[in-house]
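Residue-level structure breakdown
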Amino acid sequence: MAVLIYYIKHTSHEVKVFEPFSILGLEHGASDSDIKKAYRRLSIQYHPDKNPDPEAHDYFVEYISKAYQALTDPVSRENFEKYGHPDGRQGLQMGIALPPFLLNIDGASGGILLLGIVGVCILLPLVLAVIYLSRSVKYTGNYVMHQTLSAYYYFMKPSLAPSKVLGVFIKAAEFMEIPVRRSDGEPLQKLFMLVRSELNLDLKNIRQEQAKFWKQHPALVKAELLIQAQLTRESKALTPALLRDFRRMLELSPRLLEELVKMALLPRTAQGHGWLRPAIGVVELSQNIIQAVPLSARKVAGGSSEGVAPFLQLPHFSEAIVKKIARKKVRTFQELRDMTLEDQVELLTQVAGLSSTETKDVEMVLEMMPSLTVDITCETEGEEGIQEGDIVTMHVWITLKRGSGLVAALPHAPYYPFFKEENFWLLLADPVSNDVWISQKVSFMDEAVAITAASKAIQELKEVSGASLKETNAAVREAVERVKSGSRLVMGKFQAPGEGNYNLTAFCLCDSWIGCDKKTNLKIKILKRSRAGTRTGALSEEGAGMEEGIEEEEQEEEDEYEDYESEYSEDEEDEKDSKRNGVVPAAGAAAAAESSDNE
């Protein structure tokens, strides 16, 4: 574009208007004698007989001669006055430069032209379509290869520990396609020595373990070492070629980890439940990759279930600093977050030994970290209690708060070189049985989408419950305000299992921060379904007796009604018989006497 602009700017010129007086060097209104004198003067200078220069010849023919005609010849002067040129109307002509053999088509050039048309119009689009289809057929809608999903499905196990999730993650087909070069051997050997402590090798048989590690597929070895380079922050030791592969793996990681979570949550049981432990392991691996924190830092230490991993995502923090603040009884990351600003500054400056600038960096990151609250209810719509086999509706409000006051924000991840949004996973699960009943991905980035989804869900819920239009509108307005204040509505349905008490846990897991996950306990009591299918269960003996008494009373009333009808029918027949015999009933006699008196 820049070249075209430069070319047009320096090559284009305005179209010159044909001015015969200006060409001859005269003023408008000059006499015929002056016109002839000017023409003779210019002829001596530009006529071909006087000046052999080709440009002079062209100028004389195109301008001087036509200017003279326009001012002396009647026809040329009429054309000039009407169209602005002595030759009449001047049309715009455009053309396309083509090779001469296309303009003079014979047998040979005709074949070349036909071959060109076939190649450009048929073969080229066909080749492009084949290339596109051959590549697109390998990928799913989320741009993950089908071969990757097959591998993840095969290697995913219900008892897969979080430390073993990395071994499944690196088996993605995308990582297998990254070439393993001969020049990668020595740099990978050096990287192996740097990250060896993170490879879960048995130190008692270290030689055998190392030999076993290098006997794996070269692509697997390379993928695991590069991921460990991110976790241990050792990417500076990589060569330029390995660094390109390293960045490619990091770019693909969020998409692959999301598919790995979905594979863990895929219904695998007869009840349609997924697996909890591998799902948590995948989310924790995502947290460590984004924050560049070793998996070994999650080992339980100092009373913290997450170890020192949450501290290491803070700037200027190291294990030595974590040990220093642990002496002041700050052993968990949540204790650090719950401290007041003054206490945090005092701890970081006086105990941890950080400067004022470093302390401000830590405070800034702490203000960016999300704090979650989960409000969850499970109920059967329009009914009291939950019976086995009922369709239960889960209703969850997840509220996010930050010290900075923002709702939608990007995570602080200085060691992850690509754009990454915060995503959350809500899992309603039974930790004892390792079953995930409901799972859903939650995002706080797009407020407009969240408002639309919450409004629609609340409106449908109120319509099912039979609420009035006023109540529905009020509930929708309340939901919109909650979304604007930093909450997201999550709804799901599941079928109630058999009778019993269930201790469930709602896990809200963040894929970008360590130590920001939230667990909320939920107890659900499932009642046994009665034989009649009523909501109150089996009827009591007293209730049964009462219903039997009611049925007996109804039967007696029906009998009395039938007796009344039979008595009435008999009276009617007696009355007819009396009329036939000339006997008038008492009521009829009184009526007849009254009639005769009136007469």
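In what follows, the accompanying structure is described. For clarity, every value in this text was computed on a predicted model and none was experimentally measured. (Residues numbered from 1 in each chain as written. Predicted model: local features only at pLDDT ≥ 70, side-chain atom pairs only at ≥ 80, totals over all residues. Heavy atoms only, no water.)

Turning to the overall build of the protein chain, a few remarks are in order. Helix and strand counts for the protein chain come out as 24 helices and 9 strands. Looking at the protein chain residue by residue over its 599 residues, the buried ones come to 36%. Sequence separation of 24 or more characterises 65% of the internal contacts of the protein chain that already satisfy a separation of 6 or more. For the protein chain, the exposed surface amounts to about 37,000 Å²; the carbon and sulfur share of it is 54%. (Helix = DSSP H or I, 4+ residues; strand = E, 2+ residues; numbered from the N terminus. Buried < 20%, exposed > 50% of the residue type's maximum accessible area, 1.4 Å probe, protein only. Contact = heavy atoms within 4.5 Å. Areas by Shrake-Rupley, 256 points an atom, 1.4 Å probe, with all protein chains shown as cover.)

In this section: the packing of aromatic side chains. A complete count under the given rule lists 15 aromatic pairs for this structure. Relative to Tyr59, the ring of Tyr46 has its centre 5.1 Å away and its plane inclined at 55°; by these criteria the two rings are tilted. Here Tyr46 is found in helix H3 (residues 32–46), whereas its partner Tyr59 is found in helix H4 (residues 54–72), with 13 residues between them in sequence. Look at Tyr59 and you get partly exposed, because its relative accessible area is 30%. Summarising the aromatic geometry, the rings of Phe169 and Phe175 are spaced 5.4 Å apart at their centres and angled 85° between planes, so their arrangement reads as edge-to-face. Across this residue pair, the class does not change: Phe169 and Phe175 are buried. A connected cluster of aromatic rings, assembled from ring pairs, spans Tyr39, Phe60 and Tyr68. The residue whose ring lies beneath Lys157 is Tyr154, and the NZ or CZ to ring-centre distance is 5.6 Å. (Phe/Tyr/Trp six-rings, centres within 6.5 Å; stacked < 30°, edge-to-face > 60°. Lys NZ or Arg CZ within 6 Å of the ring centre and 35° of its normal.)

Take the layout of surface pockets next. In this structure, the second largest pocket encloses a volume near 450 Å³. Taken together, 18 residues line the second largest pocket, and the ones lying closest to its centre are Lys164, Leu199, Asn200, Gln216 and Glu224. Those elements that place two or more of their residues in the lining of the second largest pocket are helix H9 (165–169), helix H12 (206–214) and helix H13 (218–231). In terms of residue class, the lining of the second largest pocket is built from 7 nonpolar, 5 polar and 6 charged. (1 Å grid on protein atoms, 1.4 Å probe; cavity = no way out; pocket = protein on both sides within 12 Å on 5 of 7 lines; lining within 4 Å. Points joined across faces, edges and corners; volume = space filled by probe spheres on them. Nonpolar A, V, L, I, M, F, W, Y, C, P; charged D, E, K, R; others polar.)

This part covers the nonpolar core. One finds Phe169, Phe175 and Leu225 to be the most contacted residues of the largest nonpolar core, which totals 58 residues. For this core, the elements supplying multiple residues, two or more each, are helix H8 (146–155), H9, helix H11 (185–195), H13, helix H14 (240–265), helix H15 (276–291), strand S5 (424–430) and strand S8 (500–510). With 12 residues, H14 is the largest single contributor of residues to this core. The contact partners of Phe169, leaving out residues within four places of it in the chain, are Tyr152, Phe175, Ile227, Ser253, Leu256, Leu257, Leu260, Leu285 and Ile289. Within the second largest apolar cluster, 53 residues are counted, among which are Leu426, Val442, Trp513 and Ile514. (Core = buried A, V, L, I, M, F, W, Y, C linked by side-chain atoms within 4.5 Å.)

Turning next to the sheet that holds strand S4 (residues 391–401). The strands making up a sheet are joined through hydrogen bonds of the backbone, oriented either antiparallel or parallel. Strand order in the open sheet formed by 3 strands is S2-S4-S7, and the pairing between neighbours is antiparallel. Only two strands of the sheet have a single partner each, and these edge strands are strand S2 (371–379) and strand S7 (487–495). Sheet twist, expressed as the average angle between the axes of neighbouring strands with direction ignored, equals 20°. Note: S4 against S7, 9 bridges, orientation antiparallel. For His395, the partnering residue across the bridge sits in S7 and is Met491. Sheet contacts for helix H21 (residues 447–465): S4 and S7; angle to S7, the most-contacted strand, approximately 45°. (Pairing = 2+ DSSP bridges. Axes fitted to C-alpha atoms, helices over the stretch in contact; angles between N-to-C directions.)

Take the sheet that holds S5 next. Strands sit in the order S1-S6-S5-S8-S9-S3 across an open sheet of 6 strands; the sheet is mixed. The open sheet has two edge strands with one neighbour each: strand S1 (274–275) and strand S3 (386–387). For S1 and strand S6 (residues 435–442), the ladder comprises 2 bridges, and the chain directions are antiparallel. The residue of S6 that forms the bridge with Trp275 is Asp435. Seen against the sheet, H14 touches S1, S5 and S6 and runs at an angle of roughly 15° to S5.

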